[in-house]
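Now for the letters of each chain:
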Amino acid sequence: MWQTGWREEVWSGLGQSWDLIIVGGGITGAGLLQQATRLGLKTLLVEGRDFAWGTSSRSSKMVHGGLRYLSQGQIRLVVESVREREHLLRAAPGLVEPLGFLLPQYQGKRPRHLETSLALALYDRLAGRRSRRFYARPRFDLLAPHLRQEGLEGGFGFTDAQTDDARLVLRLLREAVRAGGVALNYAPATGLLFDAAGQVCGLQLQDRLSERRAEVRASVVINATGAWADTLRKQLPAQPDTEQGPKKEGRNQHLRPLRGSHLIFEYWRVPVAQAISFPHPQDGRMVMIAPWEGVTLVGTTDLDHTEGLEDEPRITPAEADYLLAAAQSLFPGLDLNLDEVVSTWAGVRPIVSSNSEETLNPSEEPRDYTLWQENGLLTVTGGKLTTFRLIARQALKKVISRFPGLKAIPNFPAFAPLNLTWPEGLPLTKELRYRLAGRYGPEAIALVEGAGAGELTPMPGTPYLWAELRWAARAEGVIHLDDLLLRRLRIGLLLHGGGQALLPQIRPICQPELGWDDSRWEAEEAAYLKLWHTHYSLPTRSPGGD
């Protein structure tokens, strides 16, 4: 699985006949590959960049129902999301974990006590459990020290969940590949193939690592490229409104890419044991400050992304100021400033809008998913990280009629049950085994058995073992150094300078596993550091500031 020579083997077999081809290696595509493979369909997934390169590694890391969507009347979306959240908590412990949330209540400020209490009661009711509670001062002060004290009356607590989004994608893909699915990164779809009736029957592929090309054909092609969905859709021939097109009420729908950016601080600098959600002092939008992987996350923005989608998104100076202002307003005594930011990231959300003039506030746009069937191509876009399993199931229902042997789509669990037998004598705590099992599934055993001397210890400043680096380089389809340091592990997000200080220790572990000579490693290292400074650090400001 994705070890030495795997790409050559995959490319040599692309000419076979496929039941299903999925374009897009984010959370939606990964969920589709997993479920289609479980159905016994011969399925190929292709991704133009790295797995989880786009939105699915740049989210706010929340697996949540979307409390704020209740006020927008998106009840069905919240119902689906809280139920999927509960399912993922049961199916993927160690990868999807409960996260406490706090909602401070300030005298005379929104959100009001009564409306918050009612919203949380409904949120719990939809989830089928009670997690909400109101804490008066001084108990709330103990839960959230350093908060702005003026007018603070206390606050509500409730529970949502959190994950590492890129690892969630990787675990889905790995499970699918173990079951017989095929996943190929750095293989963009450059064109659609059509049959004699004008229906999509396949793709033209190109290898980003060489000049080779291939044509692949299947009974069904699904476009699961999220915010990039129109890249394929614009290759479809223009046609009148027919039953093949989007459903009547969705004929005016279009993609509206929205950017969400984040700041990372060291945890000691912004110490929060639970996530805190609060209205931004400038515009009243809900933002949050949350613990994640040993650091503290501040996010998010919600802006129209007008830059090209081919380039990696990045935070703007105005967004950095906006998020810092939020943190400063909540924690005025901490004297936070941008010089202390460890890293940043920005992601582009695939929002499906019905507002042709885009006058609607971005934060008020629905977060639901959409399915479009056009000339035999099924496009699935929009939606939330939390509901990937449901989205995959609904998409497969749309095309089940094209597979005569299938009559129904079972309600598969997110992951197969785990029953790991750990080797005796390992210097691993119960908590660490729990975490490794969640992140790597059944491959956690091979990971620890393949560790070198001293590699079952954590990398400084991270929750990762050195052995996780070796495993990722050996078996997880790493093509470039940023795949390893930004998505397989999140070193580039957790450490100052993208982890540059650790590169001399990372190199002897990973270079032999990747099979790179010295010149290749040095080129990859230079490219990674340039990418990090351009897209994952604070943006360069013009003289005089923004």
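This text goes with the structure placed above it.
Residues numbered from 1 in each chain as written. Predicted model: local features only at pLDDT ≥ 70, side-chain atom pairs only at ≥ 80, totals over all residues. Heavy atoms only, no water.

Visitor: Honestly, the pairing of strand S13 (residues 286-292) in this entry has me stumped. Any pointers?
Guide: Walk down a regular strand and you will see the side chains alternate between the two sheet faces. Taking burial as the measure, the seven residues of S13 include six buried ones, the bulk of the element. Relative to S13, strand S12 (residues 275-279) runs antiparallel, the two sharing four bridges. Looking across to S13, one finds that Ser277 is bridged to Met288. Here S12 hands over to S13 after six residues, with Gly284 in that stretch at a positive phi of 80°. Sheet analysis places S13 next to strand S14 (residues 295-299), joined by five bridges and oriented antiparallel. Bridge pairing links Met288 to Gly299 in S14. Turn length for the S13-S14 hairpin, with the two strands adjacent in sequence and antiparallel, is two residues, and the turn residue Glu293 shows positive phi of about 55°. (Buried < 20%, exposed > 50% of the residue type's maximum accessible area, 1.4 Å probe, protein only. Helix = DSSP H or I, 4+ residues; strand = E, 2+ residues; numbered from the N terminus. Pairing = 2+ DSSP bridges.)

Visitor: Help me understand the pattern of salt bridges in this model?
Guide: Opposite charge on two side chains lets them pair, provided their charged atoms get close. Summed over all chains, the structure comprises 45 salt bridges. Measuring nitrogen to oxygen at the nearest pair gives 3.3 Å for the salt bridge that ties Arg217 to Glu215. Given a relative accessible area of 41%, Glu215 falls into the partly exposed group. When the shortest N-O distance is used, the salt bridge between Arg474 and Glu513 registers 2.8 Å. Of the two residues, Arg474 sits in helix H12 (residues 466-475) while Glu513 sits in helix H15 (residues 503-514), which places them 39 residues apart along the sequence. What emerges from the salt-bridge pattern is a single network uniting Lys61, Asp164, Asp165, Glu293, Arg435, Arg439, Glu468 and Arg490. (Salt bridge = Lys/Arg side-chain N within 4 Å of Asp/Glu carboxyl O.)

Visitor: Which parts of the structure should I look at to understand the pairing of strand S10 (residues 213-223)?
Guide: Two elements, strand S1 (residues 17-23) and S10, share six bridges in a ladder whose sense is parallel. Across the sheet, the residue bridging to Leu20 is Val220, located in S10. The pairing of strand S9 (residues 200-206) with S10 spans five bridges and is antiparallel. Looking at S10, one finds that Gln206 is bridged to Arg213.

Visitor: Hey, could you run me through the nonpolar core in this one?
Guide: Nonpolar side chains tend toward joint burial in soluble globular proteins. Counting 76 residues, the largest nonpolar core has Leu14, Leu32, Leu173 and Leu203 as the members making the most contacts within it. For this core, the element with the most residues is helix H6 (residues 165-178), which contributes eight residues. In contact with Leu32, other than residues within four places in its own chain, are Ile22, Ile222, Ala224, Val380, Ala392, Ala395 and Leu396. If you look at the next biggest cluster of nonpolar residues, it comprises 71 residues, including Trp345, Leu484, Leu503 and Leu529. (Core = buried A, V, L, I, M, F, W, Y, C linked by side-chain atoms within 4.5 Å. Contact = heavy atoms within 4.5 Å.)

Visitor: Help me understand helix H2 (residues 27-38), please; the structure alone is not making it clear to me.
Guide: Every α-helical turn comprises 3.6 residues, leaving residues that sit three or four positions apart pointing alike. Compared with the 16 Å implied by 1.5 Å per residue over 12 residues, the 17 Å span of H2 between its first and last C-alpha is a close match. With 11 of 12 residues buried, H2 is to be regarded as a mostly interior element. Taken as a whole, H2 has its buried residues at Ile27, Thr28, Gly29, Ala30, Gly31, Leu32, Leu33, Gln34, Gln35, Ala36 and Thr37. Looking one or two residues beyond H2, the residue adopting positive phi is Gly40, at roughly 90°. (Expected span 1.5 Å × (residues − 1).)

Visitor: Could you clarify how one ought to interpret the environment of Leu378 in this entry?
Guide: Residue placement: Leu378 occurs in strand S18 (residues 377-382). Note on Leu378: relative accessible area 0%, which makes it buried.

Visitor: In this structure, what is going on with the packing of H15 against helix H16 (residues 518-535)? I would like to understand it.
Guide: Helix-helix packing: each pair is described by the crossing angle between the helix axes and the interaxial distance. One can describe the packing of H15 onto H16 by two numbers: an axis separation of 11 Å at closest approach and a directional angle of 125°. Accordingly, the angle class assigned to the pair H15 and H16 is oblique. Crossing hand, H15 versus H16: right-handed. Seen from H15, the contacting residues are Leu503, Ile506, Arg507, Cys510, Gln511 and Leu514; seen from H16, they are Asp518, Trp521, Glu522, Glu525 and Leu529. The residue makeup of the contact of H15 with H16, split by class, is six nonpolar, one polar and four charged. (Axes fitted to C-alpha atoms, helices over the stretch in contact; angles between N-to-C directions. Parallel < 35°, antiparallel > 145°, perpendicular 65-115°, else oblique. Left-handed = near helix turned anticlockwise from the far one by under 90°. Nonpolar A, V, L, I, M, F, W, Y, C, P; charged D, E, K, R; others polar.)

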